[in-house]
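Residues per chain, in single letters:
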Amino acid sequence: MNVRQFRVSRRSITVAAAFVGLVSLVLGANAALNKRSLEAAQAETVTGTINPVAKASRIALVIGNGHYPDAGAPLSQPINDARAMTSALRRDGFDVDVVEDATRDDMTRAVERLKAKIKPETVVMLYFGGYGVQVGRQSYMIPVDAAIWKERDIRRDGMSVEAVLDIMKEQGAQAKLVVLDASRRNPYERRFRGYSRGLAPIDVPENALILTSATPGKVADDVDGQNSLLATELLKNMKAKPASAESVFTNTRVAVTRATAGEQVPAVSSSLVEDVLLGDSATAKAGS
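These numbers come from a predicted model, not from an experiment. (Residues numbered from 1 in each chain as written. Predicted model: local features only at pLDDT ≥ 70, side-chain atom pairs only at ≥ 80, totals over all residues. Heavy atoms only, no water.)

Undergrad: Tell me what's going on with the sheet that holds strand S7 (residues 175-181), and back it up with residues and numbers.
TA: The strand order across the open sheet built from six strands is S2-S1-S3-S7-S8-S10, with neighbouring strands paired in mixed fashion. At either margin of the open sheet sits one strand with a lone partner, and together these are strand S2 (95-100) and strand S10 (267-270). Neighbour-to-neighbour, the strand axes of this sheet turn through a mean angle of 10°, independent of strand direction. Summarising the sheet, strand S1 (residues 58-64) and strand S3 (residues 123-129) pair through seven bridges and their orientation is parallel. Within S3, the position partnered with isoleucine 59 by the bridge is valine 124. On the sheet, helix H5 (residues 161-170) packs against S3, S7 and strand S8 (208-212) and is oriented at approximately 165° with respect to S7. Helix-sheet contacts for helix H6 (residues 229-240) involve S3, S7 and S8, and the interaxial angle to S7 is about 140°. (Pairing = 2+ DSSP bridges. Helix = DSSP H or I, 4+ residues; strand = E, 2+ residues; numbered from the N terminus. Axes fitted to C-alpha atoms, helices over the stretch in contact; angles between N-to-C directions. Contact = heavy atoms within 4.5 Å.)

Undergrad: Which residues make up the environment of valine 204, and what values go with them?
TA: Here valine 204 lies in the loop between S7 and S8. Judged by its relative accessible area of 24%, valine 204 is partly exposed. C-alpha separation for the pair valine 204 and serine 270, spaced 66 residues apart in sequence, amounts to 7.1 Å. (Buried < 20%, exposed > 50% of the residue type's maximum accessible area, 1.4 Å probe, protein only.)

Undergrad: Got a sec to walk through helix H7 (residues 245-259)? Specific residues and values, please.
TA: Given a rise of 1.5 Å per residue, 15 residues ought to cover 21 Å, and the 21 Å separating the end C-alpha atoms of H7 matches this to within 8%. Those residues of H7 that sit buried are Ala245, Val248, Phe249, Thr252, Ala255 and Val256. What you see down the axis of H7 is that its buried residues fit within an arc of 125°, all on one side. Downstream of H7 by a residue or two, alanine 261 has a phi angle that is positive, lying close to 50°. (Expected span 1.5 Å × (residues − 1). Arc of directions from axis to C-beta.)

Undergrad: Describe the packing of aromatic side chains, listing the residues and the values that go with them.
TA: According to the stated counting rule, one finds three aromatic pairs in the structure shown. Measuring from ring centre to ring centre gives 4.7 Å for tyrosine 68 and tyrosine 131, while their planes differ by 55°; the resulting arrangement is tilted. With a gap of 63 residues between them, tyrosine 68 in the loop between S1 and helix H2 (77-91) and tyrosine 131 in the loop between S3 and strand S4 (132-135) connect regions that are remote in the sequence. Under the relative-accessibility criterion, tyrosine 68 is labelled buried at 4%. Judged by its relative accessible area of 5%, tyrosine 131 is buried. With 6.5 Å between their ring centres and 75° between their planes, tyrosine 68 and tyrosine 188 make a pair best called edge-to-face. Within this pair, whereas tyrosine 68 is found in the loop between S1 and H2, its partner tyrosine 188 is found in the loop between S7 and S8, the two being separated by 120 residues in sequence. (Phe/Tyr/Trp six-rings, centres within 6.5 Å; stacked < 30°, edge-to-face > 60°.)

Undergrad: Can you explain H6? Please cite residues and give values.
TA: Helix length check: H6, at 12 residues, gives a terminal C-alpha distance of 17 Å against a target of 16 Å (1.5 Å per residue), a fit within 8%. Those residues of H6 lying buried are Leu229, Leu230, Ala231, Glu233, Leu234, Leu235, Asn237 and Met238.

Undergrad: So what's going on with the confidence of the model for the protein? Which residues, and what values?
TA: Looking at the protein as a whole, its pLDDT mean stands at 82, while 76% of the residues score no less than 70. Note on residues 13-20: pLDDT is under 50 here. Beyond four places in sequence and across chains, it has zero contacts. In this model, residues 31-56 is a region of pLDDT below 50 whose contacts with residues beyond four sequence positions or in other chains number 10 contacts. (pLDDT = per-residue confidence, 0-100.)

Undergrad: So, the pattern of salt bridges: which residues are in play, and what are the values?
TA: In total, this model carries 10 salt bridges according to the counting rule given. One salt bridge connects arginine 191 with aspartate 70, and the closest N-O pair in it is separated by 3.2 Å. In this pair, arginine 191 is assigned in the loop between S7 and S8 and aspartate 70 in the loop between S1 and H2, connecting sequence segments 121 residues apart. Residue classification places aspartate 70 among the partly exposed residues on the basis of a relative accessible area of 30%. Among the ionic pairs, arginine 109 bridges to aspartate 106, the shortest N-O distance being 2.8 Å. Of the two residues, arginine 109 and aspartate 106 are both situated in helix H3 (residues 104-117); the distance of three residues between them amounts to about one turn of the helix. (Salt bridge = Lys/Arg side-chain N within 4 Å of Asp/Glu carboxyl O.)

Undergrad: I'd love a proper account of the packing of H6 against H7, names of residues and values included.
TA: As a packed pair, H6 and H7 sit with axes 9 Å apart at the nearest point and diverge in direction by 135°. Overall, the two elements H6 and H7 adopt an arrangement that is oblique. Judged by the sense of rotation from one axis to the other, the crossing of H6 with H7 is right-handed. Side by side, H6 and H7 meet where Leu229, Leu230, Glu233, Leu234, Asn237 and Met238 of the first sit next to Val248, Phe249, Asn251, Thr252, Ala255, Val256 and Ala259 of the second. Partitioned by chemical class, the residues of the contact of H6 with H7 number nine nonpolar, three polar and one charged. (Parallel < 35°, antiparallel > 145°, perpendicular 65-115°, else oblique. Left-handed = near helix turned anticlockwise from the far one by under 90°. Nonpolar A, V, L, I, M, F, W, Y, C, P; charged D, E, K, R; others polar.)

Undergrad: Run through the nonpolar core, naming residues and quoting values.
TA: Formed by 40 residues in total, the largest nonpolar core has its most connected members in Leu61, Tyr68, Phe128, Met141, Ile142, Met168 and Leu180. Of all the secondary structure elements, the ones that give two or more residues to this core are S1, H3, S3, S4, strand S5 (138-141), H5 and S7. Tallying contributions element by element places H5 first for this core, with five residues. Other than its neighbours up to four places away in sequence, phenylalanine 128 contacts Ile63, Asn65, Tyr68, Met107, Met141, Ile142, Val179, Leu180, Asp181 and Ala182. The next biggest cluster of nonpolar side chains, apart from the first, holds 30 residues, and it includes Phe94, Leu230, Leu235 and Phe249. (Core = buried A, V, L, I, M, F, W, Y, C linked by side-chain atoms within 4.5 Å.)

Here is the structure:
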């Protein structure tokens with residue numbers, strides 16, 4: 001081998017060694033990066049931060065109306081029920097907006113706030129306690145400042161449950177839950193009807209669950225106590241264990257029916273296609 005060939009060989013060896021060193025460095029850095037990424041992913045899985053089911057994805061609007069000027073006496077239970085339901089839902093991971101003795105404007109603003117929070121993955125719940133009236137095929141929640149003398153006044157001053165459900169649907173809510181404790185004998189229908197007709201059957205949209213305090217067309221008398229019978233049994237079933245909302249609502253219907261010997265039979269309507277968990281530790285179960 002001559003000198004020139006020897007110099008070329010040494011240069012080739014040097015270049016090859018440098019290349020091998022560079023490749024080793026790149027591979028080492030990539031392995032370290034992958035390790036850090038894996039550790040970060042494992043940490044996120046443990047803490048649950050990457051799970052899409054979180055408190056922000058569960059929202060509720062709770063309305064308790066008790067002081068109606070046209071009624072002979074205030075309703076004491078709806079406000080108590082609203083407060084108790086707010087506490088229970090917050091324990092279950094719901095972001096709750098609660099309104100007491102809501103006027104028509106109060107209810108309109110509350111629904112607008114609810115609408116602004118709804119995202120495609122959101123579980124949304126509406127709870128209303130107070131007076132409800134049916135007109136045609138729709139059920140209306142009555143605000144405390146309603147001035148109702150004729151049937152057409154209900155459409156003007158009341159808020160349609162179906163209209164709120166339509167908003168939830170239009171905003172793409174994942175699941176829609178509704179509890180209406182409003183099948184009471186009310187002071188309004190006596191002005192233009194011979195008797196109270198309760199609530200109308202509610203058209204259930206896709207992936208929704210609805211609980212009303214009495215069968216459509218029936219009314220329920222309030223019982224003595226701090227809370228209504230429907231709210232009492234619903235809260236019991238929500239505390240018992242993490243369970244699907246559908247089973248909680250159904251068990252509440254059965255409990256109220258038994259407690260009144262069939263005099264008050266709540267109605268449950270469902271089009272849910274996936275479970276929504278309620279009850280203590282529901283959020284933890286949903287995020288596991």
